[in-house]
Amino acid sequence: MSSRAAHLCLLCRGSKGLCGKRICPVFSLWRAVEGVQAPRALRLEEPSPPSVFVGRVGYPRVRVAPAVASAGGEAGLYERPEEWLGLPLEEVLRMRLGLVRGVLQADVRKPGALEEIALLAMSSKPVEVEVRFARPPRTGVRLDPFTPPFGPAGEAERVRLLGNPAVPKPLERVYGDEGLRAEEAVVYLYESGVPVSQIQRAFSVGALGSSRLRRLVPTRWSITAVDDIISRYLLERVKRLEHLDKYLFFERKYADNTFVAILAPGPWSYEWIEAWFPHTTWNPGLTVEVEGDWEGFRGRTTYASLGGCYYAARLATAEYLLRLGRQATAVLIREIYEGFFLPIGVWFVRENVRQLFAARPEQYDSLGEVLERLSRATRLPLSTWISASRLLRGMLKQERLPVG
């Protein structure tokens, strides 16, 4: 959202249509949230996309919540974030908030006690599921910075599969191979073409790894773990490639966000920087908040301060460099504008950065040219990015260009 658009929002406040859109995009998101209604039944028989949420509160005793789709439409789409960018965000919210969870209690050290739930999570197609509740589900919404949203939930007395899960052969193999390490299983599944979102579900329900080490993994942890494992694997291959010989610039604008990537000649290193404008999801204040983290050629030894988005964007970057057949120094920037105020999960970053790199890049011969292009792509001035970016400052130092 530009400063002019933000000004129009302040003048309009959803009542005058000053942006020219038939429905206020801000209100449409809130209507999706406010429209959530819990079913009053004690028994639901609906398709599961499949969807299974594993909580982290109370670890190692956690909540495991298989969910069924109650909002209609194609149930399988409810759990395929790889396809969500083709939908309006309010439609993604409508689907996700239409997922009703039946909550079970489980010990993370005993994933074998939930074998049916594991088979459900591994399915590549929706499965008809019966959920019997101890009392009617509560109306409510679960929003999380890592996982996609969920709708109502209730304590489940029983969850029973009425249909047969369609488990792909690669997942069958790793589920039955109790000597295969979890990281090896994740890489094998990725190379076999299993979508990242499906690998994350299997990882979460303890379906991967050697038998004595299998554990339930909270969903938010499994998402980042899989992004991290796959990207580290890809980067070992990227680091053996020749260096890029020019500067590449990518820009993408989507849903009150701007994504920018600069790929520069040099050995692999990576930086992810976010700028949250006031009155956005993680910035209730009055000034723009800019944060970033980075890694060099040898990678990281600590968890990135920006969490899951850092690893999701790194995965998409590694995928692109491998397709390109070059290694590079990568600086990725995201501006988040007024109007983007609901946490919807790191899938949003992974899939947007994948789309960012799917476009044809602009090519430049010098750092000065690419920085001038950056100054025209973002609302914040170039000096802010240079101040925030360790890698850009390092490149400027090498080229002895003026800062600012």
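What counts, and at which threshold
- Residues numbered from 1 in each chain as written.
- Predicted model: local features only at pLDDT ≥ 70, side-chain atom pairs only at ≥ 80, totals over all residues.
- Heavy atoms only, no water.
- Helix = DSSP H or I, 4+ residues; strand = E, 2+ residues; numbered from the N terminus.
- Rg over C-alpha atoms; globule rule 2.2 N^0.38 Å.
- Buried < 20%, exposed > 50% of the residue type's maximum accessible area, 1.4 Å probe, protein only.
- Contact = heavy atoms within 4.5 Å.
- Areas by Shrake-Rupley, 256 points an atom, 1.4 Å probe, with all protein chains shown as cover.
- Lys, Arg positive; Asp, Glu negative; His and termini not counted.
- Charge placed at Lys NZ, Arg CZ, Asp CG, Glu CD.
- Salt bridge = Lys/Arg side-chain N within 4 Å of Asp/Glu carboxyl O.

> Would you mind going over the overall build of the chain in detail, with residue names and values included?
Across its full length, the chain holds 13 helices and twelve strands. Expected size for 404 residues packed as a compact globule is a radius of gyration near 22 Å; at 22 Å, the chain falls within 12% of this value. Over its C-alpha atoms, taken along the principal directions, the chain stretches across nearly 65 × 60 × 35 Å. Relative to its 404 residues, the chain shows a buried fraction of 54%. Pairs at least 24 residues apart make up 74% of the contacts formed inside the chain by residues separated by at least 6 positions. Just so you have it, the chain exposes about 18300 Å², and 50% of that area is on carbon and sulfur atoms. Positive and negative side-chain charges of the chain, numbering 55 and 45 respectively, have mean locations separated by a distance of 3 Å.

> Outline the pattern of salt bridges, listing residues and values.
Overall, the coordinates contain 31 salt bridges when judged by the stated rule. A salt bridge links lysine 253 to glutamate 251, with the shortest nitrogen-to-oxygen separation between them at 3.5 Å. Exposure remark for glutamate 251: the relative accessible area of 28% places this residue in the partly exposed category. In this structure, arginine 354 engages glutamate 351 in a salt bridge whose closest nitrogen and oxygen atoms are separated by 3.1 Å. Here the residue arginine 354 and the residue glutamate 351 both occupy positions in helix 10 (residues 347-358), the gap between them amounting to three residues, near one helical turn. Among the charged side chains, a salt-bridge network with shared partners connects Arg43, Glu45, Glu130, Arg132, Arg158 and Arg160.

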